[in-house]
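Architecture and fold: a report
Residues per chain are reported as follows:
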Amino acid sequence: MKQNFAIIGLGRFGGSICRTLIESGQEVLAVDSNEDRVNEYMNIATHAVVANAQDEMTLRSLGIRNFDHVIVAIGEDIQASILVTLMVKEMGVPDIVAKAQNEYHARVLEKIGADRVVHPERDMGQRLAHNLVSKNILDYLELSDEFSLAEINVTNRKFYGKTLNELDFRRRFGLNVVAIRRDKQDPIVTPGAEEVVQKDDHLVVIGRDEDVDYLDEKMN
Ligand code: ATP
Ligand code: ATP
Ligand code: CA
């Protein structure tokens, strides 16, 4: 289903969201106060406009209230980010995603009604740190304080050639395998009990942090 998106702030973060949404066939209004940034997106976004989003009249004239999703991708100027998020909320936009610069900023954005607050630098830092600590953890996403999703490289030969059932995977590790990535093949999504684990498979698992750590230790 086609939806419309407005992105305010065309730094690396907002810009990358814009390109990806356009690639997936969505309509995107791109807004930035910096003319050079807007010129860069002129031929990419559905519409690209130079405007200071902190100005309420400007937001109204852009018809921001009619968008399904508004992404506030202003980073450094925390005051602008907060003010814009607040105005967009008051206009009744149903889904607001805002980028936070730090934990305090995040709390304010949540309080004033951002539906999703993202911290790209922090999240990328966590993903990289888990990968630096263990070379078998290829990717990592914290779902909450207790749960995560991790992609683990199977490097222990005891796993090779065995089905998830034979490994008694769920009971032994407390984790669900949500996908198996193998070479360049399409991933095997929601594998069943009879799926055979092979050398160098990447298991995408979901579960408690300590269970992810335990599985990771088993690979060494
Ligand atoms: P990123 O971290 O995503 O690479 P950046 O560090 O280049 O971004 P930020 O300060 O995070 O820059 O701001 C992102 C964009 O938001 C910039 O292009 C900036 O011009 C734009 N921006 C800042 N304030 C406003 C505003 N009031 N109205 C519109 N755009 C704004
Ligand atoms: P359970 O005994 O856990 O209720 P089940 O009765 O649904 O599982 P199956 O789905 O046939 O039985 O799976 C048998 C066993 O294979 C499970 O107990 C589990 O250990 C393992 N298994 C199957 N699929 C997965 C998966 N996607 N992730 C982790 N383990 C799995
Ligand atoms: Ca930045």
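This next bit is on the overall build of the protein chain. Counting its regular elements, the protein chain contains nine helices and 13 strands. Taken over C-alpha atoms, the radius of gyration comes to 21 Å for the protein chain, far larger than the 17 Å a tight globule of 220 residues would show. On the principal axes, the C-alpha backbone points of the protein chain span a range of 65 × 35 × 30 Å. Among the 220 residues that make up the protein chain, the fraction classed as buried is 41%. A sequence separation of at least 24 residues applies to 54% of the contacts in the protein chain between residues at least 6 apart. As displayed, the protein chain has an accessible area near 12700 Å², and 48% of this comes from carbon and sulfur atoms. With 26 positive and 37 negative side-chain charges, the protein chain shows a separation of 5 Å between the mean positions of the two kinds.

Further remarks concern the site of ligand 1. Residues in contact with ligand 1 amount to 18 residues; listed here are only the nearest, Arg-12, Phe-13, Asp-32, Arg-37 and Asn-52. Within the backbone of Gly-75, one N or O atom sits 3.0 Å away from an oxygen atom of ligand 1. Relative to its free-state accessible area of 620 Å², ligand 1 is covered by the protein chains to the extent of 86%. Comparing atom positions with the cavity grids shows ligand 1 to sit within the largest pocket. Taken together, the residues of the shell around ligand 1 break down into six nonpolar, seven polar and five charged.

Every residue close to ligand 2 is listed here: Leu-164, Asn-165, Asp-168, Phe-169, Arg-170, Leu-175, Asn-176, Val-177, Pro-191, Gly-192 and Ala-193. Take Asp-168: an N or O atom from its side chain is 3.5 Å from an oxygen atom of ligand 2. Between Phe-169 and ligand 2, the recorded distance is 3.3 Å, taken from a backbone N or O atom to an oxygen atom. Out of a free accessible area of 580 Å², ligand 2 has 57% covered by protein chains. Among the secondary structure elements, those contributing two or more residues to the shell around ligand 2 are helix H7 (164–167), helix H8 (169–173) and strand E10 (176–181). Here the shell around ligand 2 is built from residues that sort into six nonpolar, three polar and two charged.

Looking now at the sheet that holds strand E8 (residues 147–153). Sheet strands pair via backbone hydrogen bonds, and the direction of the pair is either parallel or antiparallel. Taking strand neighbours across the sheet as the criterion, the five strands line up as E7-E8-E13-E10-E11 in an open arrangement whose pairing is antiparallel. Each edge of the open sheet carries a strand with a single partner, namely strand E7 (137–142) and strand E11 (188–189). By the bridge criterion, five bridges tie E7 to E8 in an arrangement that is antiparallel. If you follow Leu-141 over to E8, its bridge partner there is Leu-149. Along the sheet, helix H9 (residues 209–218) makes contact with E7, E8 and strand E13 (202–208), crossing E13 at roughly 145°.

Moving on: H9. In an α-helix there are 3.6 residues to a turn, and that puts residues three or four apart on one side. Along H9, the residues classified as buried are Asp-209, Val-212, Leu-215 and Asp-216. Seen from one end, H9 has its buried residues packed into an arc of 125°, which puts them on one side. Contacts made by the buried residues of H9 are with E7, E8, H8 and E13.

A few words now on the environment of Gly-174. Within the secondary structure, Gly-174 is located in the loop between H8 and E10. Look past the residues within four positions of Gly-174 in its chain and what remains in contact with it is Phe-169 and Asp-211.

Let us look at the domain arrangement of the protein chain. In terms of domain boundaries, the protein chain breaks down into domain 1 (4–118) and domain 2 (123–218). Placing a centre on the C-alpha atoms of domain 1 and another on those of domain 2 gives a separation of 35 Å.

Another point: the pairing of strand E5 (residues 95–99). For E5, a buried count of five out of five residues is recorded, marking the element as mostly surrounded by other parts of the structure. Alternating positions in E5 separate into two faces, Asp-95, Val-97 and Lys-99 on one and Ile-96 and Ala-98 on the other, with burial throughout. Here strand E4 (residues 69–72) pairs with E5 via four bridges, running parallel. From the neighbouring strand, Val-72 faces E5, where its bridge partner is Ala-98. Each parallel crossover has a hand, and for E5 linked through helix H5 (residues 103–111) to strand E6 (residues 116–118) it is right-handed.

Rules behind the numbers
- Residues numbered from 1 in each chain as written.
- Chains lettered and ligands numbered in written order.
- Predicted model: local features only at pLDDT ≥ 70, side-chain atom pairs only at ≥ 80, totals over all residues.
- Heavy atoms only, no water.
- Helix = DSSP H or I, 4+ residues; strand = E, 2+ residues; numbered from the N terminus.
- Rg over C-alpha atoms; globule rule 2.2 N^0.38 Å.
- Buried < 20%, exposed > 50% of the residue type's maximum accessible area, 1.4 Å probe, protein only.
- Contact = heavy atoms within 4.5 Å.
- Areas by Shrake-Rupley, 256 points an atom, 1.4 Å probe, with all protein chains shown as cover.
- Lys, Arg positive; Asp, Glu negative; His and termini not counted.
- Charge placed at Lys NZ, Arg CZ, Asp CG, Glu CD.
- Near = heavy atom within 4 Å.
- Polar contact = N/O pair within 3.5 Å; in protein donor to acceptor, adjacent residues only side chain to side chain.
- 1 Å grid on protein atoms, 1.4 Å probe; cavity = no way out; pocket = protein on both sides within 12 Å on 5 of 7 lines; lining within 4 Å.
- Sits in = over half its atoms within 2 Å of the grid points.
- Nonpolar A, V, L, I, M, F, W, Y, C, P; charged D, E, K, R; others polar.
- Pairing = 2+ DSSP bridges.
- Axes fitted to C-alpha atoms, helices over the stretch in contact; angles between N-to-C directions.
- Arc of directions from axis to C-beta.
- Domains from an automatic or database assignment.
- Right-handed = clockwise from strand over helix to strand, strands pointing away.

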